[in-house]
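Residues per chain, in single letters:
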Amino acid sequence: MRSEVISVQTGSRPTCRDITAEAERFVSGQGDGLLHIFVPHATAGLAIIETGSGSDGDLLRAIDDLLPADDRWRHRHGSSGHGRDHVLPAFVPPYATLPVLGGRLQLGTWQSICLVDTNGDNPTRKVRFSFLPG
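As a starting point, this report considers the structure included with it. (Residues numbered from 1 in each chain as written. Predicted model: local features only at pLDDT ≥ 70, side-chain atom pairs only at ≥ 80, totals over all residues. Heavy atoms only, no water.)

**Thoughts on the overall build of the protein**
Applicable threshold: Put simply, DSSP H or I for four residues or longer makes a helix, DSSP E for two residues or longer makes a strand, and each gets a number counted from the N terminus. Radius of gyration: C-alpha atoms only; globule rule: 2.2 Å multiplied by the number of residues to the exponent 0.38. Using a 1.4 Å probe on the protein chains alone, a residue whose accessible area is under 20% of its type maximum counts as buried, one over 50% counts as exposed, and one in between counts as partly exposed. Contact criterion: two residues are considered in contact whenever any of their non-hydrogen atoms come within 4.5 Å of each other. Each accessible area is a Shrake-Rupley result for a 1.4 Å probe, and residues are judged covered by the shown protein chains and nothing else. For this count, His and the chain ends are skipped, Lys and Arg are scored as positive, and Asp and Glu as negative. We put the charge of a Lys on NZ, of an Arg on CZ, of an Asp on CG and of a Glu on CD.
Scanning the protein from N- to C-terminus turns up 3 helices and 8 strands. For 134 residues, the compact-globule estimate of 2.2 N^0.38 gives 14 Å, and the C-alpha radius of gyration of the protein, at 15 Å, lies within 12% of that figure. Looking at the protein as a whole, 41% of its 134 residues qualify as buried. Residue pairs at least 24 apart in sequence account for 81% of intrachain contacts in the protein once pairs closer than 6 positions are excluded. Carbon and sulfur atoms make up 51% of the accessible area of the protein, which totals about 7,100 Å². Taken together, the 13 basic and 15 acidic charged side chains of the protein have centroids lying 5 Å from each other.

Right, dumping it as structure tokens:
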């Protein structure tokens, strides 16, 4: 298995950051197999969604509706509402596995791989790509 960790800047506000290009570079020329992507953080996740047409912003609004950043959370360290960031991975998991054929990701026409990070207290994230050959 081949594995690599990259750093991704997510900033100080909730974001949905497209990392498809980084994943494509990682699997380029690797043949057939599976790409596993893992975010080793308790407050971030991965989503396979359409980007550029508003869906990424819609996802962040839906997260705000479902998991408001207020003081209702028992987990209280960090900035106000930070407890919701620790619940996020139950709804947006910190992993994804994708098929790779001929060194190319097999995403649908409008699908992108997005790092979802609502935790403004941690502006840099690690993402692990692991390729398992077929």
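**Overview of helix α2 (residues 55-66)**
Rules: Between the first and last residue of a helix there are one fewer steps than residues, each counted as 1.5 Å, and that sum is the expected span. To be clear, the arc concerns the directions from the helix axis to the C-beta atoms.
Its 12 residues give α2 an end-to-end C-alpha distance of 16 Å, which sits within 8% of 16 Å, the value for a rise of 1.5 Å per residue. Within the sequence span of α2, burial applies to Leu 59, Leu 60 and Ile 63. End-on, the buried residues of α2 take up no more than an arc of 95°, which puts them together on one face. For α2, the elements touching its buried residues are β2 (15-18), β4 (44-49), α3 (82-91) and β7 (112-117).

**A word on the nonpolar core**
Where we set the bar: For our purposes a nonpolar core is just a set of buried Ala, Val, Leu, Ile, Met, Phe, Trp, Tyr and Cys residues, chained together by side-chain atoms within 4.5 Å.
Grouped together as the largest cluster of nonpolar side chains are 19 residues, with contacts concentrated most on Ile 19, Leu 35, Ile 37, Leu 105, Leu 115, Val 127 and Phe 129. Going through the elements one at a time, β1 (2-9), α1 (20-27), β3 (33-38), β4, β5 (95-101), β7 and β8 (124-133) are the ones with two or more residues in this core. Apart from residues lying up to four places away in sequence, Ile 37 is in contact with Leu 46, Pro 94, Tyr 95, Ala 96, Leu 98, Ile 113, Val 127, Arg 128 and Phe 129. Ranked by size, the runner-up nonpolar core spans 12 residues in total, among them Ala 47, Trp 73, Leu 88 and Cys 114.

**With respect to the side chain of Arg 84**
Where we set the bar: Two N or O atoms count as a polar contact when they lie within 3.5 Å, although within protein this holds only if one can serve as hydrogen donor and the other as acceptor, and sequence-adjacent residues are included solely when both atoms are side-chain atoms.
Assignment of secondary structure puts Arg 84 in helix α3. Note on Arg 84: relative accessible area 3%, which makes it buried. A polar side-chain atom of Arg 84 sits 2.9 Å from a polar atom in the side chain of Asp 64. With sequence-adjacent residues up to four places away left out, Arg 84 is seen in contact with Pro 14, Ile 63, Asp 64, Leu 67, Pro 68, Ala 69, Trp 73 and Thr 118.

**Focus on the sheet that holds β8**
Here is the rule we go by: The rule for pairing is simple: two strands pair if DSSP sees at least two bridges between them.
Taken in spatial order, the 5 strands line up as β1-β8-β3-β5-β6 in an open sheet, and their pairing is antiparallel. Edge positions in the sheet fall to β1 and β6 (104-105), since each of these pairs with one other strand and no more. Bridging between β3 and β8 involves 6 bridges; their strand directions are antiparallel. The residue of β8 that forms the bridge with Ile 37 is Phe 129.

**Focus: the side chain of Thr 118**
Here Thr 118 lies in the loop between β7 and β8. For Thr 118, a relative accessible area of 5% translates into the label buried. Separated by 2.6 Å, the side chains of Thr 118 and Asp 85 make a polar contact. Not counting the four nearest positions on each side in its chain, Thr 118 is found in contact with Pro 14, Thr 43, Ile 63, Arg 84, Asp 85 and Leu 88.

Bear in mind that shape data such as this cannot, by itself, settle questions of function.
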